[in-house]
Amino acid sequence: MKVLLYTGSEKVFTQSGIGEALRHQKKMLKNLNIPFTENPDEAYDVVHLNTVLPDSLWMARKARSKGKKVIYYGHSTMEDFMNSFRGSNLVAPLFKKWLQTCYRQGDMIITPTEYSKELLLGYDLSKPIFSLSNGVDTTFFSKSKKSGDRFRKKFALTNTQKAIISVGHLIDRKGIIDFIALAAKYPEYSFYWFGNTPKSLMTSAVQKAINQATSNVHFPGFISPEELHDAYSGCDLFLFMTYEETEGIVLLEALANETPVLVRDIPIYKKWLPDKEVVYKARTQSEFEDVIPLILEEKLPSLTANGRQEALRLDIKKVSLDLAILYNKLLDV
């Protein structure tokens, strides 16, 4: 068996979770010793599709016409498309119809969590849907004092200065506006948001919030995995204020790196990540305001060891074995 990892318009998503998921798939295939290619002109038996751009739909139809098997990764839902980019809510119903068109081309749909699987089951796709984590490289994302020191030196942080980070697109859904508002409440802490989004795609509310952000909020932009590892190792808290996710690879990375984590209490994390066991959770802005200093001042028990264990459960090598099982189902072996 040979797999085609169709990259197509990958450049559009390279600085996103989808781009990272594609890189994880490469690692999984290497772990399984399954040959793969990124060249659609080469021979292949199964194609992986990770985006819902028009070229991916074209590739799916082309593969099916040649009798090849199609795995469509369900990274996107209408729910996580809403409250994202400029005009996203207006076109969300149309986006759902487009998702249905794309995903129905798959012989199998793989989506990261049971939560996103439940959403897609309501899309009337008439295709088998399986949940399989994007996984996390727990060998790479492992706490390192040297890496942490490098982060703190780069941003001129003193030994006692508290640093809070978040990672993602600068969009409403990710909680960027709330993140900036929290920073204003705590001028004694340094806040860093890593990620990049073209200004033309930002809503006016996000642009306004960024323009009015207090001096303790920093936007270094998109950074490399190595720099991100430094940030996880050197910060005091990973703050994930997202309102909707299909999984959240950066969250898995933070857990793997034994970084204290505070997430918004949303449905996807309700059963998966128990509050006060694996992560700390908050629902409202006032709850976030209350919990943050308790974590930073170590007035709450550390959960980082439990977080590391959860990440190890979703390590890429273990997820690879589950992917192999899905290949067997797909090929009826």
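Residues numbered from 1 in each chain as written. Predicted model: local features only at pLDDT ≥ 70, side-chain atom pairs only at ≥ 80, totals over all residues. Heavy atoms only, no water.

Caption draft 1: How the structure looks around empty space enclosed by the protein. Considering all chains together, one arrives at 2 cavities of 30 Å³ or more under this definition. The calculated volume of the second largest cavity comes to roughly 40 Å³. Contributing to the lining of the second largest cavity are Ala21, His24, Gln25, Met28, Tyr73, Leu132, Ser133 and Asn134. Per-element tally for the lining of the second largest cavity: the top contributor is helix 2 (residues 17-31), with 4 residues. (1 Å grid on protein atoms, 1.4 Å probe; cavity = no way out; pocket = protein on both sides within 12 Å on 5 of 7 lines; lining within 4 Å. Points joined across faces, edges and corners; volume = space filled by probe spheres on them. Helix = DSSP H or I, 4+ residues; strand = E, 2+ residues; numbered from the N terminus.)

Caption draft 2: Highlighting the side chain of Arg308. Inspection of the secondary structure assignment puts Arg308 in helix 14 (residues 304-313). Buried and unpaired, Arg308 has Glu258 as its nearest opposite-charge partner, separated by 4.7 Å. Among the polar contacts listed, one links the side chain of Arg308 to the backbone oxygen of Ala256, at a separation of 2.7 Å. When neighbours within four sequence positions are excluded, Arg308 is seen to be in contact with Thr138, Phe141, Ser142, Leu255, Ala256 and Glu258. (Buried < 20%, exposed > 50% of the residue type's maximum accessible area, 1.4 Å probe, protein only. Lys, Arg positive; Asp, Glu negative; His and termini not counted. Salt bridge = Lys/Arg side-chain N within 4 Å of Asp/Glu carboxyl O. Polar contact = N/O pair within 3.5 Å; in protein donor to acceptor, adjacent residues only side chain to side chain. Contact = heavy atoms within 4.5 Å.)

Caption draft 3: View of the layout of surface pockets. Of the pockets and cavities examined, the second largest pocket occupies roughly 500 Å³. Every residue lining the second largest pocket is counted, 28 residues in all, and those nearest its centre are Lys143, Cys235, Asp236, Pro260 and Glu298. Taken together, the elements giving at least two residues each to the lining of the second largest pocket come down to helix 7 (145-154), helix 10 (225-234), helix 13 (285-296) and helix 14. With 4 residues, helix 7 is the single largest residue contributor to the lining of the second largest pocket. For the lining of the second largest pocket, the residue count by class is 12 nonpolar, 9 polar and 7 charged. (Nonpolar A, V, L, I, M, F, W, Y, C, P; charged D, E, K, R; others polar.)

Caption draft 4: Region of the structure containing the pattern of salt bridges. Across all of its chains, the model carries 16 salt bridges by this definition. Its salt-bridge partner being Asp107, residue Arg64 comes within 3.3 Å of it at the nearest N-O pair. Here Arg64, found in helix 3 (residues 54-65), pairs with Asp107, found in the loop between helix 5 (88-103) and strand 5 (108-111); they are 43 residues apart in sequence, far enough to count as distant. On the basis of relative accessible area, Arg64 is assigned to the partly exposed category, the value being 33%. Here Asp107 falls in the partly exposed class, since its relative accessible area comes to 23%. For Glu227, the salt bridge is made with Lys154, and the minimal N-O distance between the two is 3.0 Å. With Glu227 in helix 10 and Lys154 in helix 7, this pair connects stretches of sequence that are 73 residues apart. Residue class for Glu227 comes out partly exposed when judged on its relative accessible area of 30%. Here the residues in one salt-bridge network are Arg173, Lys174 and Glu245, joined through shared partners.

Caption draft 5: Region of the structure containing the nonpolar core. In terms of nonpolar packing, the biggest core is built from 35 residues, with Phe151, Ile165, Tyr232, Phe238, Leu251 and Tyr269 touching the most fellow members. Elements with a minimum of two residues in this core: helix 6 (114-121), strand 7 (163-167), strand 8 (190-194), helix 10, strand 10 (237-240), helix 11 (249-256), strand 11 (261-264) and helix 12 (267-270). Sequence-distant contacts of Ile165, that is, excluding residues within four places in its chain, are made with Phe151, Phe179, Tyr192, Phe194, Ala231, Tyr232, Cys235, Leu237, Phe238 and Leu239. Listed in part, the 28 residues of the second largest apolar core include Trp193, Tyr280, Val291 and Ile292. (Core = buried A, V, L, I, M, F, W, Y, C linked by side-chain atoms within 4.5 Å.)

Caption draft 6: The pairing of strand 10, seen in detail. Here strand 10 shows no split at all, with Leu237 and Leu239 on one side and Phe238 and Phe240 on the other all buried. Here 2 bridges tie strand 7 to strand 10, and the two strands are oriented parallel to one another. Directly across from Ile164, in strand 10, lies its bridge partner Leu237. Inspection of the sheet shows strand 10 paired to strand 11 by 3 bridges, in the parallel sense. Paired with Phe238 across the bridge in strand 11 is Val261. At this point the chain moves from strand 10, through helix 11, to the parallel strand 11, and the crossover so formed is right-handed. (Pairing = 2+ DSSP bridges. Right-handed = clockwise from strand over helix to strand, strands pointing away.)

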